[in-house]
Protein chains: 2
Amino acid sequence: MTRERLYLYDTTLRDGQQTQGVQFSTPEKLQITEMLDRLGVDYIEGGWPGANPTDSAFFAEAPETKAKMTAFGMTKRAGRSAANDDVLAAVVNAGTGTVCLVGKTHDFHVTTALGIGLDDNVENIQASLSHLVENKREAIFDAEHFFDGYKANPDYALRCLKAAQQAGARWIVLCDTNGGTLPTEIFRIVTEVIEAGIAGEILGIHTHNDTANAVAGSLAAVDAGARQIQGTLNGLGERCGNANLVTLIPTLMLKEPYRSRYDIGVTPEALTALTQVSRQLDDILNRVPTKQAPFVGASAFAHKAGLHASAILKDPTTYEHIDPALVGNERVIPMSNQAGQSNLRRRLADAGIRVEQGDPALARMLDEVKEREARGYTYDSAQASFEVLARQVLGDMPEFFEVKRYRVTVERRKNKYNKMVSLSEAVVVVKVDGEKRLSVSESLDEAGSDRGPVNALSTALAKDLGQYQEAIADMRLVDFKVRITQGGTEAVTRVIIDSEDGAGRRWSTVGVSPNIVDASFEALLDAINWKLLRETRAAKAPAE
Amino acid sequence: MTRERLYLYDTTLRDGQQTQGVQFSTPEKLQITEMLDRLGVDYIEGGWPGANPTDSAFFAEAPETKAKMTAFGMTKRAGRSAANDDVLAAVVNAGTGTVCLVGKTHDFHVTTALGIGLDDNVENIQASLSHLVENKREAIFDAEHFFDGYKANPDYALRCLKAAQQAGARWIVLCDTNGGTLPTEIFRIVTEVIEAGIAGEILGIHTHNDTANAVAGSLAAVDAGARQIQGTLNGLGERCGNANLVTLIPTLMLKEPYRSRYDIGVTPEALTALTQVSRQLDDILNRVPTKQAPFVGASAFAHKAGLHASAILKDPTTYEHIDPALVGNERVIPMSNQAGQSNLRRRLADAGIRVEQGDPALARMLDEVKEREARGYTYDSAQASFEVLARQVLGDMPEFFEVKRYRVTVERRKNKYNKMVSLSEAVVVVKVDGEKRLSVSESLDEAGSDRGPVNALSTALAKDLGQYQEAIADMRLVDFKVRITQGGTEAVTRVIIDSEDGAGRRWSTVGVSPNIVDASFEALLDAINWKLLRETRAAKAPAE
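The model shown is predicted, which means the values in this text are computed figures rather than measured ones.

A.B. asks: Would you explain the overall build of chain A in this entry?
C.D. replies: In terms of regular secondary structure, chain A is built from 20 helices and 16 strands. Dimensions of chain A, computed from C-alpha atoms along their principal axes, come out at roughly 85 × 65 × 50 Å. The buried share of chain A, reckoned over its 544 residues, is 53%. A separation threshold of at least 6 residues defines the contact pool for chain A, and within that pool the share at least 24 residues apart is 67%.

Right under this line is the structure:
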């Protein structure tokens, strides 16, 4: 079978921005463009020139890309010519080689939402797409509500597509705008559209995730013959989101029958950066990455069940549908009270700790983990705390420093403007290399506002650690999660802290106490100890 | 066409617990069981009796349910009889009417993971299922790795299924354990299994979401003839999760062709509680609900694009695939506060506050609520804080007392036994009836252990409120929830406090701040003010 090319059309910057709470700045749009171009998509839809200042500014500064930069707009309005429609003019004047125009194909929308005649709408499509072709643009027609329209009035919906086809559109994109069409129906309708004379080579698919079927619907359209897929990074988009390209790309490249039949513009090497691309976008949006995300989530290759974990030790293909390294992700064998010794050994091996099978330390460690989990700890996600604990049980954890005492104070009172303000202050006393060091810190952000006691403690603790100071200088606290849980018979506070350093490492630690400040301090200590472990071992390595 | 019955099998309590970071307590399992039973699933898989203390405790206390309570376990091991396998015995002895046993059907797993002969495995399946039938249990066979097994060695995989069938299994569940099988392949293989002589009426489907196709895969199996669907609430589960019943249930009930062809055990009335069920589970897990979740997410019917929002005003079906009320969700149209005001009046009426339609205070209040929600507040559950806020906006909230300042200190150091202990102390200065009152309190439980800064503050604040002291004497803090959330551009802490009094009232209040102590203090203040409102109005009432 000859391989065919599928084209990826990214709309993160346009439809992705319809996500509730998402509003990209122009620099962010430029950054995402660069990410998409490195990844290898074929089209980057940059926005709607003229619709808002950010999109206009973006097109004014749009960088050179391998991908085809695309401006989005709508077909001309009724009662004026394409050349005289100022909204359309702003889109064409953005100067991109490719232009995508959305238009109606559902009779109900033409009469209800636009309030114009059915023939007028067909004429608008034809004239607008012709206008693009006359202006030497690669023309794309986005057929809004196509599937609902086809179900209501197939003749009219097809007539709209044919108008775009006759006008010379390179692509006709079938949109499931409301997200309610199921994959089998998409397959049937795309098949019928091709039978009606519109070649699969010019058909695209645009789905939404309102029934969790956006990926399946896109694949169904490809199965039926469509050759362009529209989607967004991390499935951003209006309501429940668009088809997630981060899921579709590895599915097309790694899974049958797609792997054997189709080529896309993403190379296997670019694919190994997929996890990073996904997390970088979350970083830009200041979102916590979705752990359960297919392929790229932190849990996507996490094996918690005891039976799974022991089989994975024998052969990873027993419980993995692909090798996580292909998408730049990692296997995780979390600790939990369902885990057995084999799980534990695997976890230890991941942390670079070798313990022989049958070593009595394993049983001690498992008991310690179970006893702590009963008190409210969890080591599923707090892998750095697990490593610190394991090394303590094995007698292999250096005491870099000792905390003698700390004190944190939160005070709330009126300031000189008679406004209530709070101030947090922390004092930490540590002993490093036999020497006592006192540090004190306030907790203020750049605007002079109080960030609270945990922040103050973290700053004071990291202020003076003597010879270790340099090793922790690039470390920062990136997330902080609190939950009240059951520790034995009483409620305790569990704090999980995520830290990051300049080398791009990210690690999680846990602390538990009835006192939230204590719990946080415990997690902070583990975070610093883990970082020191990495830094001091790395420094020693060449000499070993 | 005659309608057929589809059966829903929930495994939230078993496979759902394989989610990284999820560990249900026995009371939580009981609460979820009640939720599932009200929803109307057919089977509730409660866990693996004997595998861990929580699951064993759950089955010991398992409540009466309309759904069939099911114990999960594995087929007997080789080299012993079903009656003499202690692991199997623990499962059968849980005393449930239905038992589900997982077994291998992939030759590679039999030889690699189990390390036994292919015939031995078939014999284990046959003997284990027969053992269930002999013990008058409804027997379910969970065919692990069935799809991968069938692709590798169809004859062997089918032989395993037939062993279960001949032993009298009511259901044979085809599991895509690694989550890598795409929907079209699931459709083909289920079709072939039925052609091989295993009736669709005894076939179930169990998918995982590793390619975001768990829902589509389940639907494909139903299309091919399977009649039982396994899944979890909110798609919890190992790695990327199981098929999400919260998505599947409305899809089966509301979307064609399923709506016309099949019945399930969920009533249209129970369906209207679906959004609540989903969020209640997130509450139990202390997770932020996924906004983009199909059907039940807060964004699932949010119309951000300007074109969409204006069309929605003309006719909601223009941009909605179903009516959100059918699943208990709501339409969200930013910019339109028409719906907002009638909502608001309903909530005020709930709090006993009457405001006439069109009163300008409504618009002011809506602005205030929106502005606070943007800063991280939530009034969905914190109804007492909502009432306090509403009365403040209306100028109807007495100032019972004024907090001049407070200070809380947490100190951690060695005690006289050389053990690290912490101590929290709070000072609160209030003005009541023109008189300044200073209170100080430590935070120690009966055993002399520190309970943390929030507890110390709460005790100090409630220590001396002059004439109001008696009114708050019977009040106590019963729950305390902390969540890190987004407040504008930065992370803030949201604290929700549940309080209770001697009259059996229970009320919730909220506080938000970057400083967790401040946020807690704000929620505490609201709690006391609400209680004083109730007490002083009640005292006045007879005289009015």
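A.B. asks: Just checking my understanding: could you explain helix α16 (residues 360–374) of chain A for this structure?
C.D. replies: What sets the pattern is the α-helix's 3.6 residues per turn: residues three or four places apart point alike. Residues and elements named next belong to chain A. The end-to-end C-alpha distance of α16 is 22 Å, a good match for the 21 Å that 15 residues give at a rise of 1.5 Å each. Considered for burial, the residues of α16 that qualify are L362, M365, V369 and R372. Projection of α16 onto a plane perpendicular to its axis shows the buried side chains occupying an angular sector of 100 degrees, all on one side. Residues of α16 that are exposed and point over 90 degrees away from its buried face: P360, A363, R364, D367 and E371. The elements touched by buried residues of α16 are α15 (341–350) and α17 (383–393).

A.B. asks: Would you take a moment to explain the pairing of strand β9 (residues 228–231) of chain A for this structure?
C.D. replies: The side chains of a regular strand alternate, residue by residue, between the two faces of the sheet. All names here are of chain A. Residues Q228 and Q230 line one face of β9 and the alternating positions I229 and G231 line the opposite face, and both faces are buried. Relative to β9, strand β2 (residues 7–10) runs parallel, the two being bridged by 4 bridges. In the sheet register, Y9 faces β9, and the bridge partner there is Q230. In the classification by handedness, the crossover that spans strand β8 (residues 203–206), the intervening helix α9 (residues 214–224) and the parallel β9 is right-handed.

A.B. asks: Even after reading the chapter, I still don't get the sheet that holds strand β6 (residues 138–144) of chain A, so can you show me in this structure?
C.D. replies: Backbone-to-backbone hydrogen bonds join strands into a sheet, with any given pair of strands oriented parallel or antiparallel. Residue and element names in this part refer to chain A. Read around the closed barrel, 8 strands run β2-β3-β4-β5-β6-β7-β8-β9, paired in parallel fashion. Strand-to-strand twist across the sheet, computed as the mean angle between neighbouring axes with direction ignored, equals 25 degrees. Pairing analysis gives 4 bridges linking strand β7 (residues 171–175) to β8, with the strands arranged parallel. Paired with L174 across the strands is I205, a residue of β8.

A.B. asks: Hey, could you run me through the packing of α15(A) against α16(A) in this one?
C.D. replies: Residue and element names in this part refer to chain A. Viewed as axis vectors pointing N to C, α15 and α16 meet at an angle of 95 degrees, and their least axial separation amounts to 10 Å. Considering the angle they form, α15 stands roughly perpendicular to α16. From α15, Q341, L344 and R345 reach across to α16, where they touch L362, M365 and L366.

A.B. asks: Quick question: what am I supposed to make of the pairing of strand β2 (residues 7–10) of chain B here?
C.D. replies: Residue and element names in this part refer to chain B. Here β2 runs beside strand β3 (residues 43–47); their pairing, made up of 2 bridges, is parallel. The residue bridging Y9 from the neighbouring strand is Y43, located in β3. Between the parallel pair β2 and β3, the chain is carried across by helix α1 (residues 26–39), and the sense of this crossover is right-handed.

A.B. asks: Just to check I follow, could you spell out the environment of Q383(B) for this structure?
C.D. replies: Relative to the helices and strands, Q383(B) resides in helix α17 (residues 383–393). Residue contacts for Q383(B): discarding those within four places in its chain leaves W507(B) and S508(B).

A.B. asks: Is there a simple way to explain the confidence of the model for chain A in this structure?
C.D. replies: Fine structural detail should not be taken from predicted coordinates in areas where pLDDT scores are low. Model confidence for chain A is summarised by a mean pLDDT of 90, while 96% of its residues fall at 70 or above. Scored as a complex, the prediction yields pTM 0.75 and ipTM 0.74.

A.B. asks: Help me understand the nonpolar core, please; the structure alone is not making it clear to me.
C.D. replies: Across soluble globular proteins, nonpolar side chains show a tendency to be buried alongside one another. Residues F141(A), I172(A), L174(A), F141(B), I172(B) and L174(B) are the most contacted members of the largest nonpolar core, which totals 193 residues. Core analysis: the next-biggest nonpolar cluster, separate from the first, contains 99 residues, L362(A), L461(A), L465(A) and V492(B) among them.

A.B. asks: Any chance you could explain the domain arrangement of chain A here in plain terms?
C.D. replies: Where the parts come together, the accessible area they lose is often given as the size of the interface. Taken as a whole, chain A is organised into domain 1 (4–266), domain 2 (306–393) and domain 3 (401–451). Averaged C-alpha coordinates put domain 1 of chain A and domain 2 of chain A at centres separated by 45 Å.

A.B. asks: What is the right way to look at the interface of chain A and chain B in this model?
C.D. replies: With 82 residues of chain A at the contact, the number on the chain B side is 78 residues. Of the residues in the side of chain A that touches chain B, the class split is 29 nonpolar, 32 polar and 21 charged. Examined bridge by bridge, strand β11 (residues 402–414) of chain A and strand β11 (residues 402–414) of chain B share 7 bridges and lie antiparallel to one another. In the strand pairing of β11(B), E411(A) is matched with R407(B).

A.B. asks: Just to check I follow, could you spell out unusual backbone geometry for this structure?
C.D. replies: The general pattern is negative phi for most residues beyond glycine and trans for most peptide bonds. All names here are of chain A. Looking along the chain, the bond that leaves E256 and enters P257 is cis, with omega of 5 degrees. Tracing the backbone shows P257 in the loop between α10 (245–254) and α11 (258–261). Of note, the phi angle at H145 is positive, near 55 degrees, even though the residue is not glycine. Note on placement: H145 falls in the loop between β6 and α6 (146–152).

A.B. asks: Please clarify how the environment of N286(B) should be interpreted in this entry.
C.D. replies: Within the fold, N286(B) resides in the loop between α13 (274–285) and α14 (306–314). According to the C-beta neighbour criterion, N286(B) is partly exposed, with 15 such atoms within 10 Å. Between the C-alpha atoms of N286(B) and V482(B), which are 196 residues apart in sequence, the distance is 8.6 Å. If sequence neighbours within four positions are ignored, N286(B) has contacts with R483(A), K481(B) and R483(B).

A.B. asks: Honestly, the sheet that holds strand β13 (residues 435–442) of chain A in this entry has me stumped. Any pointers?
C.D. replies: Spatially, 6 strands are ordered β13(A)-β12(A)-β11(A)-β11(B)-β12(B)-β13(B) in an open sheet, and the strand pairing comes out antiparallel. In this open sheet, the two edge strands, each paired with only one partner strand, are β13 of chain A together with β13 (435–442) of chain B. Sheet twist, expressed as the average angle between the axes of neighbouring strands with direction ignored, equals 10 degrees. Sheet topology places strand β12 (residues 420–432) of chain A next to β13(A); 8 bridges connect them, and they run antiparallel.

A.B. asks: In this structure, what is going on with the environment of E356(B)? I would like to understand it.
C.D. replies: Relative to the elements of secondary structure, E356(B) occurs in the loop between α15 (338–350) and α16 (360–374). When the C-alpha atoms of E356(B) and R345(B) are compared, they prove to be 8.2 Å apart, with 11 residues separating the residues in sequence.

A.B. asks: Explain helix α5 (residues 118–134) of chain A to me, please; I cannot follow it from the model alone.
C.D. replies: Residues and elements named next belong to chain A. With 17 residues, α5 ought to run about 24 Å at 1.5 Å a step, and its terminal C-alpha atoms sit 25 Å apart, in line with that. Within the span of α5, buried status applies to N121, V122, N124, I125, Q126, S128, L129, H131 and L132. Immediately beyond the C-terminal end of α5, within one or two residues, lies K136, with a positive phi of roughly 60 degrees.

A.B. asks: Whenever I open this one, the packing of α1(B) against helix α2 (residues 53–61) of chain B confuses me. Can you help?
C.D. replies: Pairs of packed helices are described in terms of their axes, by the angle between the two and the distance that separates them. All names here are of chain B. One way to put it is that α1 packs onto α2 with a least axis distance of 9 Å and a crossing angle of 50 degrees. On the basis of the axis angle, α1 is oblique to α2. Our pair here, α1 against α2, has a crossing hand that is right-handed. Here α1 contributes T26, K29 and L30 to the contact with α2, which in turn contributes T54, A57, F58 and E61. Of the residues assigned to the contact of α1 with α2, the class counts are 3 nonpolar, 2 polar and 2 charged.

Rules behind the numbers
- Residues numbered from 1 in each chain as written.
- Chains lettered and ligands numbered in written order.
- Predicted model: local features only at pLDDT ≥ 70, side-chain atom pairs only at ≥ 80, totals over all residues.
- Helix = DSSP H or I, 4+ residues; strand = E, 2+ residues; numbered from the N terminus.
- Buried ≥ 20, exposed ≤ 12 C-beta atoms within 10 Å, placed from the backbone.
- Contact = placed C-beta atoms within 7 Å.
- Expected span 1.5 Å × (residues − 1).
- Arc of directions from axis to C-beta.
- Pairing = 2+ DSSP bridges.
- Right-handed = clockwise from strand over helix to strand, strands pointing away.
- Axes fitted to C-alpha atoms, helices over the stretch in contact; angles between N-to-C directions.
- Parallel < 35°, antiparallel > 145°, perpendicular 65-115°, else oblique.
- pLDDT = per-residue confidence, 0-100.
- Core = buried A, V, L, I, M, F, W, Y, C linked by C-beta atoms within 7 Å.
- Domains from an automatic or database assignment.
- Nonpolar A, V, L, I, M, F, W, Y, C, P; charged D, E, K, R; others polar.
- Left-handed = near helix turned anticlockwise from the far one by under 90°.

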